[in-house]
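Spelled out from the first residue to the last, the chains are:
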Amino acid sequence: EYKGAKPQIITHIQKSLNYTVFDSKWIPCSARFICLGNFPRGTGVMQIYEVQRGEVQLIKEVEKPKPLKCGTFGATSLQQRHIATGDFDGNLSIWNLEMPGTPVYTVKAHKEIVNCIDGAGGLGMADGAPEIVTGSRDGTVKVWDPRQKDTPVANMEPVEGETKRDCWTVAFGHAFNDEERCVCAGYDNGDIKLFDLRNMRLRWETNIKNGVCCVEFDRKNINMNKLVATSLEGKFHTFDLRTQHPTKGFASVSEKAHKSTIWQVRHLPQNRDIFMTTGGAGNLHLWKYEYPAQRRKKDSDGVDVGVAGSLNLLQNVTLSTQPLNSLDWSPDKQGLCVCSGFDQCVRVLIVTKLNQV
């Protein structure tokens, strides 16, 4: 059972914005974060803020022709700290935040809006080439190497005659050496697909009966360990990825937590067994995954099958009446996070006592 003092989720700073914010991310190795969204007039906006003495200062604001939906620093080096973004027009662009006027790389990645983006091979934390994965309403998931112009290095699309589904979420994982890498994608019909990029094949798929809003591996740069998938109806699933059974797939545990859509899941960079989910009713839930005594057992045929653990709710808090659509933990300072919502607010939060749970 639960030992030690309960973590608290404290709103450190709250800032109202004059636009709809879709994504917010810490800029690595800094006290700065970036917000991406769209102005009421239909253009895109990128704002950089710095946390100074309990307040946020606007450092830079750039307007873009199209609304910006999502961003990642996952494919950049710590020296460059370039952000890759996806916009409403299907463009993938990479920006140097020192000179964010024109992109250092841009490609028409999709026919429709880029819903989701993730990066790997950057930030000195994942092996292999720098790559960016994008998922779109056009039903495709594409992997890009920014050193290669115009054509994706991988394109996962529906086969002829198959209905195309809106891809809502993508995530890199299993990048523990220079060869191995997986992409997980979640779709509006509840499909979850795990693509093995080394062998260019579909490694596993399942359906969780509800639109998949967010998928995230607990770590990108390790042998696959766990994956959390969140959904529309307030349910999320934690899959143990260490043991894949030929027919049963991966063991999982699910939890119905928020009374509405779970927009995002984000694992704590300093502890992969702790994660936060953000909800459509403006709430945050902080969870800890507890491993079972043994993570695998033999089935009746003597084949290894995974054993799921259990989930512990450490804390929850309601910040808004509107959905909280993005959250990003600081990679540098444990317990610091930035969170944005459809109430046109960005908040800097502090979660205490995380090293005691």
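It should be emphasised that the depicted structure is a prediction, and the values quoted were computed from it without experimental measurement.

Trainee: I tried to follow the pattern of salt bridges on my own but got confused; where do I start?
Mentor: A side chain with one charge can pair with a side chain of the opposite charge if their charged atoms come near. One pass over the full model with this rule turns up 17 salt bridges. Glu216 is the salt-bridge partner of Arg266, the closest N and O atoms lying 3.5 Å from each other. Pair noted here: Arg266 is in strand β22 (residues 262-268) and Glu216 is in strand β18 (residues 212-217), with a separation of 50 residues, a long-range link. One exposure class covers both Arg266 and Glu216, and it is buried. Close ionic contact of Asp240 with Arg295 constitutes a salt bridge, the shortest N to O distance being 2.9 Å. You can see Asp240 sitting in strand β20 (residues 235-245) and its partner Arg295 sitting in the loop between β24 (283-290) and β25 (296-298), a full 55 residues away along the chain. On the basis of relative accessible area, Asp240 is assigned to the buried category, the value being 1%. Accessibility expressed as a relative area gives 23% for Arg295, which makes it partly exposed.

Trainee: I would appreciate a short explanation of the UniProt feature "repeat: WD" (unreviewed entry) in the chain in the present structure.
Mentor: UniProt records the feature "repeat: WD" (unreviewed entry) for residues 132-145 in the present numbering. In this annotation, residues 132-145 is assigned 0% helix and 64% strand; the end-to-end C-alpha distance for the span is 6 Å.

Trainee: Can you walk me through the environment of Val141 in this structure?
Mentor: Residue position: Val141 is located in strand β12 (residues 141-144). On a C-alpha basis, the gap between Val141 and Phe217 in space is 17 Å, while along the polypeptide they are 76 residues apart. Filtering out sequence-adjacent residues up to four positions away, Val141 remains in contact with Val133, Thr134, Gly135, Ala154, Asn155, Met156, Cys167, Val170, Val183, Ala185 and Tyr187.

Trainee: Where do I start with the sheet that holds strand β10 (residues 114-120) in this structure?
Mentor: The strands making up a sheet are joined through hydrogen bonds of the backbone, oriented either antiparallel or parallel. The strand order across the open sheet formed by 4 strands is β10-β11-β12-β13, and the pairing between neighbours is antiparallel. Looking along the sheet, the strands with just one partner apiece sit at the ends: β10 and β13 (154-156). The mean angle between the axes of side-by-side strands here comes to 15°, regardless of whether they run parallel or antiparallel. Here 3 bridges tie β12 to β13, and the two strands are oriented antiparallel to one another. By the bridge assignment for β13, Val141 is matched with Met156.

Thresholds, definitions, all that
- For every chain, the first residue of its written sequence is number 1, and the numbers climb from 1 along that sequence.
- Reporting in this predicted model follows two pLDDT cut-offs: at least 70 for local features of residues, and 80 or more for side-chain atom pairs to be given and counted; totals over whole chains, interfaces and linings ignore these cut-offs and use all residues.
- Just so you know, side-chain values use all the structure's heavy atoms and leave hydrogens and water out.
- Definition used for salt bridges: Asp or Glu carboxyl oxygen within 4 Å of a side-chain nitrogen of Lys or Arg.
- Secondary structure follows DSSP: runs of H or I at least 4 residues long count as helices, runs of E at least 2 residues long count as strands, and numbering of each begins at the N terminus.
- For every residue, the accessible area (1.4 Å probe, protein chains only) is compared with the maximum for its type, and the residue is labelled buried under 20%, exposed over 50%, or partly exposed between those bounds.
- UniProt positions are given in the numbering used here, feature names are shortened, and annotations may be inferred rather than shown by experiment.
- Any two residues whose heavy atoms approach within 4.5 Å at even a single point are treated as in contact.
- Between any two strands, pairing holds if DSSP finds at least two bridges.
- Orientation is described by lines fitted to C-alpha atoms, with helices fitted over the stretch in contact, and by angles between N-to-C directions that extend from 0 to 180 degrees.

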